[in-house]
Amino acid sequence: MFPRERTVVAPGAVHLPDWLGPARQEELLAACRAWARPPAGLRTVRTPGGGTMTARQVCLGLHWYPYAYARTAVDGDGAPVKPMPAWLAELGREAVAAAYGEPLAREVVYDIALINFYDGDSRMGMHRDAEERSPAPVVSLSLGDSCLFRFGNTGSRGRPYRDVELRSGDLFVFGGESRLAYHGVPKVWPGTGPTALGLTGRLNITLRVGGLDQDVSSGPGR
C-alpha cells in the first residue's frame, strides 16, 4: 500500500491525501459536469501525428492543444473557451499554501484549468507541462477512481521516477525544482472511487498560471 500522509515526493513536489472533503468534492464534480457541456465542452484531444489521447479534456481560461494555447476550442467546436472562475483560481492559491506552508504572491493568479476525464482504459504518457511561461507551481486535484501517478525527473521520460497512488480528494502540487518534471498516469483502477460521489471514472483538475499575456494563438495555422 502507498502511504497516506503528507509526502514530499521530490524537491517542490508535495502530495496531500484527502485534501478535498466529500462536500467540496461534490461541488467540484458538479462544476466539472457543467464545464463539460457544449459549447467548448469535453472533447477528444488529437495529437499532431494524427493519434488521439485516451483521456478526454475540457479547458477553462485558455484552450490547450498539443502543444500550445488558444482562446477558442480549436480542435473541438471552435467556440470561445469558458472563463476561469475566480473561486477555482483561489482554490489553486489555497492548495499551494497547504502544500508549501506559505501563500503565493498576490499577483500570481491561476488562469488556466485543464480537466481530464479518464475511464478505466485511459492513460496519460510521460510529459511535461511546459507551454506556460510562469514558473508558478502546478496544482493537481483528483476526483473519482484512484490512479497510479508516476512522477519523474526533469531530464527524461525514464527513471528515476516515483509512483504515487492518487485517490479522490487528493492534492498534488509541483513547482520549484520539479516544475518541469515529466509525469504521467500509467494506470487507473476502475471502481475505486467513493460510491457517494456518483462518478464513474476519474477526473483530474490541473490548475496552471500561464504568464502568456497576449502571446496566445487563435489556433493551428491561423
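Structure: see above.
Residues numbered from 1 in each chain as written. Predicted model: local features only at pLDDT ≥ 70, side-chain atom pairs only at ≥ 80, totals over all residues. Heavy atoms only, no water.

J.: I would appreciate a short explanation of the nonpolar core in the present structure.
T.: The nonpolar side chains of soluble globular proteins are, as a tendency, buried together. Formed by 34 residues in total, the largest nonpolar core has its most connected members in Leu88, Tyr110, Val139, Leu143, Leu203 and Ile205. Contributions of two or more residues to this core are made by strand S2 (13-16), helix H1 (22-35), strand S3 (56-60), helix H2 (86-100), strand S6 (112-118), strand S8 (138-144), strand S11 (171-174) and strand S13 (202-208). When residues in this core are grouped by element, the largest group, 6 residues, is from H2. Not counting the four nearest positions on each side in its chain, Leu203 is found in contact with Leu29, Cys32, Ile115, Asn116, Phe117, Leu141, Ser142 and Leu143. Formed by 27 residues, the second largest nonpolar core is a distinct cluster that contains Phe149, Phe174, Val185 and Val188. (Core = buried A, V, L, I, M, F, W, Y, C linked by side-chain atoms within 4.5 Å. Buried < 20%, exposed > 50% of the residue type's maximum accessible area, 1.4 Å probe, protein only. Helix = DSSP H or I, 4+ residues; strand = E, 2+ residues; numbered from the N terminus. Contact = heavy atoms within 4.5 Å.)

J.: What am I meant to see in the pattern of salt bridges here?
T.: Side chains carrying opposite charge are able to pair once their charged atoms draw close together. As enumerated under the stated definition, the model contains 7 salt bridges in all. The salt bridge involving Asp129 is made with Arg208; its shortest N-O contact spans 3.1 Å. Placement of the pair is Asp129 in the loop between strand S7 (124-127) and S8 and Arg208 in strand S13, with a sequence separation of 79 residues. Each of the two residues, Asp129 as well as Arg208, counts as buried. Glu165 serves as the salt-bridge partner of Arg167, at 3.5 Å between the closest nitrogen and oxygen. For Glu165, a relative accessible area of 11% puts it in the buried group. (Salt bridge = Lys/Arg side-chain N within 4 Å of Asp/Glu carboxyl O.)

Any link to function would need more than the numbers given here.
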